[in-house]
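Given next are the chains, with one letter for each unit.
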Amino acid sequence: MPVAGATGALHAAAAYAAQAGGGVASQGGEQGGFGGVLTRAMESAVELGRSADAASTQALMGQGSVTEAVLAISRAELALQTTVAVRDRVVAAYQEVMRMPI
């Protein structure tokens, strides 16, 4: 499965580069900046989870490929691990800021 993980990591890097190139200013109701990138990343992670659920359901019913289900689940797992890592870093940064003397 290293190939699927590498593909997911490359896809994530490409998505981040595309999102980061969008600029900081908010245009046309779209959320810009770091918050916008986080929002879109979370929406993407949720969508990957939903597609993994759908693919595994189809595979269990005999309507889909087991390989596709495994790949979808691997992508969702990678997205979840990334989300948890980002959350941990944000919490650590918040705690560090709270420890700073005023």
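The structure reproduced in this document is the subject of the present report.

Conventions adopted
- Residues numbered from 1 in each chain as written.
- Predicted model: local features only at pLDDT ≥ 70, side-chain atom pairs only at ≥ 80, totals over all residues.
- Heavy atoms only, no water.
- Helix = DSSP H or I, 4+ residues; strand = E, 2+ residues; numbered from the N terminus.
- Buried < 20%, exposed > 50% of the residue type's maximum accessible area, 1.4 Å probe, protein only.
- Contact = heavy atoms within 4.5 Å.
- Areas by Shrake-Rupley, 256 points an atom, 1.4 Å probe, with all protein chains shown as cover.
- Core = buried A, V, L, I, M, F, W, Y, C linked by side-chain atoms within 4.5 Å.
- Salt bridge = Lys/Arg side-chain N within 4 Å of Asp/Glu carboxyl O.
- Axes fitted to C-alpha atoms, helices over the stretch in contact; angles between N-to-C directions.
- Parallel < 35°, antiparallel > 145°, perpendicular 65-115°, else oblique.
- Left-handed = near helix turned anticlockwise from the far one by under 90°.

1. Some details on the overall build of the chain
Now for step 1: Along the backbone of the chain there are three helices and zero strands.
Now for step 2: Ordered by position from N to C terminus, the α and β elements of the chain give α-α-α.
Now for step 3: Every one of the 102 residues in the chain was classed for burial, and the buried ones make up 14%.
Now for step 4: Across the chain, contacts joining residues at least 24 apart in sequence account for 39% of those joining residues at least 6 apart.
Now for step 5: Carbon and sulfur atoms make up 64% of the accessible area of the chain, which amounts to about 7800 Å² in all.

2. Some remarks on the nonpolar core
Now for step 1: In this structure, Ala 52, Ala 55, Ala 59, Ala 69, Ala 72 and Ala 76 together form the largest nonpolar core, which totals six residues.
Now for step 2: Among the secondary structure elements, those contributing two or more residues to this core are helix 2 (33–60) and helix 3 (66–99).
Now for step 3: When sequence neighbours within four positions are dropped, the list of residues in contact with Ala 55 reads Glu 68, Ala 69 and Ala 72.

3. Things to note about the pattern of salt bridges
Now for step 1: On inspection of all chains with the given rule, the structure shows two salt bridges.
Now for step 2: The shortest N-O distance in the salt bridge between Arg 87 and Asp 88 comes to 2.7 Å.
Now for step 3: Classification of Arg 87 by relative accessible area gives partly exposed; the value is 49%.
Now for step 4: Since its relative accessible area comes to 39%, Asp 88 is described here as partly exposed.

4. Quick look at the packing of helix 2 against helix 3
Now for step 1: Viewed as axis vectors pointing N to C, helix 2 and helix 3 meet at an angle of 150 degrees, and their least axial separation amounts to 8 Å. What the angle tells us is that helix 2 and helix 3 run roughly antiparallel. Our pair here, helix 2 against helix 3, has a crossing hand that is left-handed. In this structure, helix 2 contributes Leu 38, Met 42, Ala 45, Leu 48, Gly 49, Ser 51, Ala 52, Ala 55, Ser 56 and Ala 59 to the contact, and helix 3 contributes Val 66, Glu 68, Ala 69, Ala 72, Ile 73, Arg 75, Ala 76, Ala 79, Thr 83 and Val 86.

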